[in-house]
Amino acid sequence: MTGTGTADGSGAVTATPAHGTRLGAAGGTAGSPDGVGIGLGASLTPVDAAAKAEGAFAYAADLWAEGLLWAAILRSPHPHARIVSIDTAQAAAMPGVRAVVTHEDVPGDAAHGRRVADRPAFARDLVRYHGEPIAAVAADHPDTARLAAAAIAVEYEPLEPLTDPEQSFTAEPLHPDGNLIRHIPLRYGDPDVTGEVVVEGLYRIGRQDPAPIGAEAALAVPCPDGGVEIYTASTDPHTDRDLAAACFGLPPEQVKLVVTGVPGALGDREDTGMQVPLGLLAMRTGCPVKIAATREESFLAHAHRHPTLLRYRHHADRSGKLLKVEAQILLDAGAYADTSSDALAAAVSFAAGPYVVPHAVVDGWAVRTNNPPSGHVRGEGAMQVCTAYEGQMDKLAAELGLEPADIRMRNVLATGDLLPTGQTVTCPAPVAELLHAVREAPLPPLPKDSPEADWLLPGGPEGAGEPGAVRRGVGYALGMVHMLGTEGADEVSTATVKVNGPVATVLCAAVETGQGFSTLARQIVQETLGIEEVHVASVDTDQPPAGAGARGRHTWVSGGAVERAAKMVRTQLLQPLAAKFGMSTELLTIADGKITSYDGVLSTTVAETLEGKELWATAQCRPHPTEPLDETGQGDAFVGLAFAAVRAVVDVDIELGSIRVVEMSVAQDVGRVLNPRQLHARIEAGVTQGVGAALSEHLRVAKGVVRRPDLTGYALPTSLDAPDIRIVKLIEERDVVAPFGAKAASAVPVVVSPAAVAGAVRAATGRPVVRLPIRPQAAVGAPPQ
Amino acid sequence: MTLPGTLDEAVAALAATPAAVPVAGGTDLMASVNSGQLRPAALVGLGRIGEIRGWEYLDGNALLGAGLTLARLGRPDFAALIPALAASARAAGPAQIRNAGTLGGNLVSAAPTGDTLPVLAALEATALIAGPGGSRREVPASHLLAGMEMLHAGELVGYVRVPLLHAPQTFLKATGRTGPGRALASAAVVLDPARRHVRCAIGAVAPMPLRPLEAEQWVSSLIDWDGQRTLPPEALAAFGDYVAMACIPDPQPATEGGEPPPPLPPVALHLRRTVAALARRGLGRALA
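Values in this document were obtained by computation on a predicted structure and should not be read as measured data. (Residues numbered from 1 in each chain as written. Chains lettered and ligands numbered in written order. Predicted model: local features only at pLDDT ≥ 70, side-chain atom pairs only at ≥ 80, totals over all residues. Heavy atoms only, no water.)

1. Remarks on a negative patch on the surface
Residues and elements named next belong to chain A. A cluster of acidic side chains, namely Glu 627, Asp 630, Glu 631 and Asp 636, defines a negative patch on the protein surface. With respect to the helices, strands and loops of the structure, Asp 636 is situated in the loop between β25 (614–621) and β26 (640–653). You can call Asp 636 partly exposed: its relative accessible area is 37%. (Patch = residues over 30% accessible without salt bridge, like charges linked within 9 Å, V, L, I, M, F, W, Y side chains within 5 Å. Areas by Shrake-Rupley, 256 points an atom, 1.4 Å probe, with all protein chains shown as cover. Salt bridge = Lys/Arg side-chain N within 4 Å of Asp/Glu carboxyl O. Lys, Arg positive; Asp, Glu negative; His and termini not counted. Charge placed at Lys NZ, Arg CZ, Asp CG, Glu CD. Helix = DSSP H or I, 4+ residues; strand = E, 2+ residues; numbered from the N terminus. Buried < 20%, exposed > 50% of the residue type's maximum accessible area, 1.4 Å probe, protein only.)

Structure (structure tokens):
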């Protein structure tokens, strides 16, 4: 294996490739070496890293309460069926069964949902996807609960499933709200111009599953006041609580959601479809009730990446300058809306990619089908269009006889340019620099250059790869994601910082999902108050909301709130001292628990200054507002953007169509590096997820029924599939509107990597590669001579 | 759950509890149990039967205990003795599966993607079956796999007898990823110089390994068994195509002069190309 990295002693929370390269020689990052120092820019290790690595960390599935009951959920085996009757009598009569609940037992709003309340807690008269909850059972043993759930007699009248999103427009409505969830017709510039060169393409993106390491689990404990506490690994506790409370018919304050044991998240964790039945059962039985989803349930129930069909037409002049992009984007939302309208807004807004396009005609639709539910998986919307517009750029390059990197360089976006939504890019947009960095990075050696090395051929160590049939390809891709919520979403987070003696505590409802927020919060407080020992309190809904952990929200909004609160505490701490010595607080510095003045006259410790008092402050952070896209898809819908360039190098056995990604070089626009090790781990994890989407990850469905919902049928990248990941450049141009100037880092590698892999396979095989994941038959090239 | 110490005790335990299911590595069985597809009334664990966890030479054959793990079969001593079997054992799953999964389990569960199965078919291995009252019978592994003969109630596969051919053998497997994965197609090619024969079996494309007998015979006749034992690339390619067409034939019209059947879908054509490449490469490496 190649690599210039240091030995990795990190306990980073994300799953990183076993032989991932830490940092290329070219990567100049701020901060101290691994594990040394405190404050911003240091590579602090997450506090729970050792526990997670050693298997001692208590995940949600490890929750326990005295006298708990076990729940099981009966899920529909049909993707589309009328429910004729539900008979729970036999199940309820089984020994050990304590309660059975169905739609009849839901006291509050029968429907809930993140954006639109369109999803019933339990299917009432119609099931709309394979795995939709129908009833739930609480029993004194998990097996009893499962058997009792199976004993519930449901009479279905199966209906023809609607599985083709293109049919959704004309099909019978699946839902009272109609099949069309949202249509965005974006019109920008002159819709009638035509270019000298026109290329067309049809692209299909598969159904990626977040496949969380720990399957969903929760414990509900009834409260004496008639409310309920739910312990679960939610990533958006306040939204989940509000949805659950509405279903219970309770005011939100009677439902408390305690976040515990989060095993990492790539999307929304812990769907309310599980929390609602669990809470109902706890309130019904008066006992704590626990559920731990099986892997199969997990695959069926949680939200997936939107499978997408994209039709593109790019117009350019002879020099390769883009003139117009026409696109039709169809997102398969599954049966319920969830966050599909957000995904669609991202897909339509970024349909042309980080390129300057004077004219654009983009239509995007999110429609209902009886396929598995789609929702928030990082990079949603942006990832699907990236593969398509980068495929178009490759096609245009081939048409014009240009190098793929050249045609991109000719069209890159920069600060001050306009997006097709009419929004001016005000944040740093160093796209040209990023592309230049990956282009100039040295290519990995070819087997013929170092024949003595042990080469891993496509197909694996015991595979059938034959060196004579292996072709190498290099592909480039550029991409972008937006940060924070879009289209006027109110992004606000609140944090409290307390200082007591030598210890500071942070209270903030931002969930640590592996993105590193709790480590970052420690670093912010260390930086501002000079206190080394910082604790981050656990999260529950008694704290003010912080929003979902997605799109860099917590680094920006919650991190910003923590910083403000810490600064307020700093002022409280220093004000009396400053007044005493007749100087302003700015002239005092805090480091290593000591307070010193600029001239060295004053030197005391934080502990002495506190005099046993506790200081605390609470602050909010709210970024500048955004506006919804109007009826022609125009509007300042995004708070900020983050960019990346990826160069993929692949080896393809062109007879078998087997592909191995040899190396991924990443250059990323990060704003500012706050924790180098965590940042690298996040980028490596994102690239690996992108490689999975490119090559193997697709939840297969036949007529709406999920085939093989297990980790054998759903092939995640293993350490052998994960390529060498080379972070060749991290561009630190601070975004002035963001606290610390940092940008979201996790999603953009997921967005760009699949497109780069597709481009590299295109280069290796000469095939068009218009479908993700890339199937072997699409990577078979001309026979070797 | 019973844990007998000998093969005969295990057979007796099965006879005593007819509903019991024997379990060795459990890599297939326990997955079915955990997913709720199977709920055995009782289990007879085969892990303590020392006699089937070893192997011995017997009249020019290797008598392999059915309890040999795939990890053990992949080790260098086996690789020198039965190279294709060792290669298939190393290609099976991740290390955790290889440490638990057994040769006998592979044969009895007979999954279409079982990696050792095409090798057993190409080697013309024989299963030695233990039955009630100390009875023993021998059945060709390919008959078991094809369902021509079945294990009767209360019987266990005790050993697998594999001829030692003292010639190159290959096992090649095409999967969907670089890491461990189930075979999309696999090919075992063994040379039998004593009988001047090439034997080949294709796995994972059908419910059982397929033997392209005509292609074997044709290519065997081309090889100069007393000389260099090499073939020109065109002959290797023709062999690959011959094997692939035999394993994945074009659909035939149902009746004479009837409607021409629809052509094979692209997936099947790709599988055919894959089989052709595997068979060609497998034979090429065996003759190299």
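2. Looking at the side chain of Glu 487 of chain A
Residues and elements named next belong to chain A. Looking at where Glu 487 falls in the secondary structure, it is placed in the loop between β18 (470–483) and β19 (493–500). In this structure the side chain of Glu 487 is engaged in a polar contact, spanning 2.9 Å, whose partner is the side chain of Arg 182. Polar contacts involving the side chain of Glu 487 include one to the main-chain amide nitrogen of Leu 629, which spans 2.9 Å. Leave out the neighbours within four places in its chain, and Glu 487 touches Arg 182, Ser 341, Ala 345, Thr 626, Glu 627, Pro 628, Leu 629 and Ala 637. (Polar contact = N/O pair within 3.5 Å; in protein donor to acceptor, adjacent residues only side chain to side chain. Contact = heavy atoms within 4.5 Å.)

3. What about the confidence of the model for chain A?
Taken as a whole, chain A shows an average pLDDT of 86; of its residues, 94% reach a score of 70 or greater. Below a pLDDT of 50 lies the segment residues 1–35 of chain A, which in the model reaches 81 contacts outside its immediate sequence neighbourhood of four places, other chains included. (pLDDT = per-residue confidence, 0-100.)

4. Digging into the pattern of salt bridges
Residues and elements named next belong to chain B. Taken as a whole and judged by the stated rule, the model has 44 salt bridges over all chains. For the salt bridge of Asp 8 with Arg 136, the shortest nitrogen-to-oxygen distance reads 3.4 Å. One end of the pair, Asp 8, is in helix α1 (residues 7–16); the other, Arg 136, is in strand β6 (residues 136–140), and 128 residues separate them in sequence. Here Arg 136 falls in the partly exposed class, since its relative accessible area comes to 46%.

5. Quick notes on helix α12 (residues 553–581) of chain A
Residue and element names in this part refer to chain A. For α12, which comprises 29 residues, the first-to-last C-alpha distance of 40 Å matches the rise-based estimate of 42 Å (1.5 Å per residue) to within 8%. The largest bend in α12 comes to about 40 degrees, at Leu 574, with the proline Pro 576 one to four residues further on. Just downstream of α12, Gly 582 is the residue with a positive phi angle, here 65 degrees. (Expected span 1.5 Å × (residues − 1). Bend = angle between axes of the 7 residues up to and from the residue.)

6. Section: the pairing of strand β1 (residues 69–75) of chain A
Residue and element names in this part refer to chain A. Most of β1 sits out of view: seven of its seven residues are buried. Side-chain alternation along β1 places Leu 69, Ala 71, Ile 73 and Arg 75 on one buried face and Trp 70, Ala 72 and Leu 74 on a second face that is also buried. The pairing of β1 with strand β14 (residues 289–292) spans two bridges and is parallel. Within the sheet, the bridge partner assigned to Leu 69 lies in β14 and is Val 289. (Pairing = 2+ DSSP bridges.)

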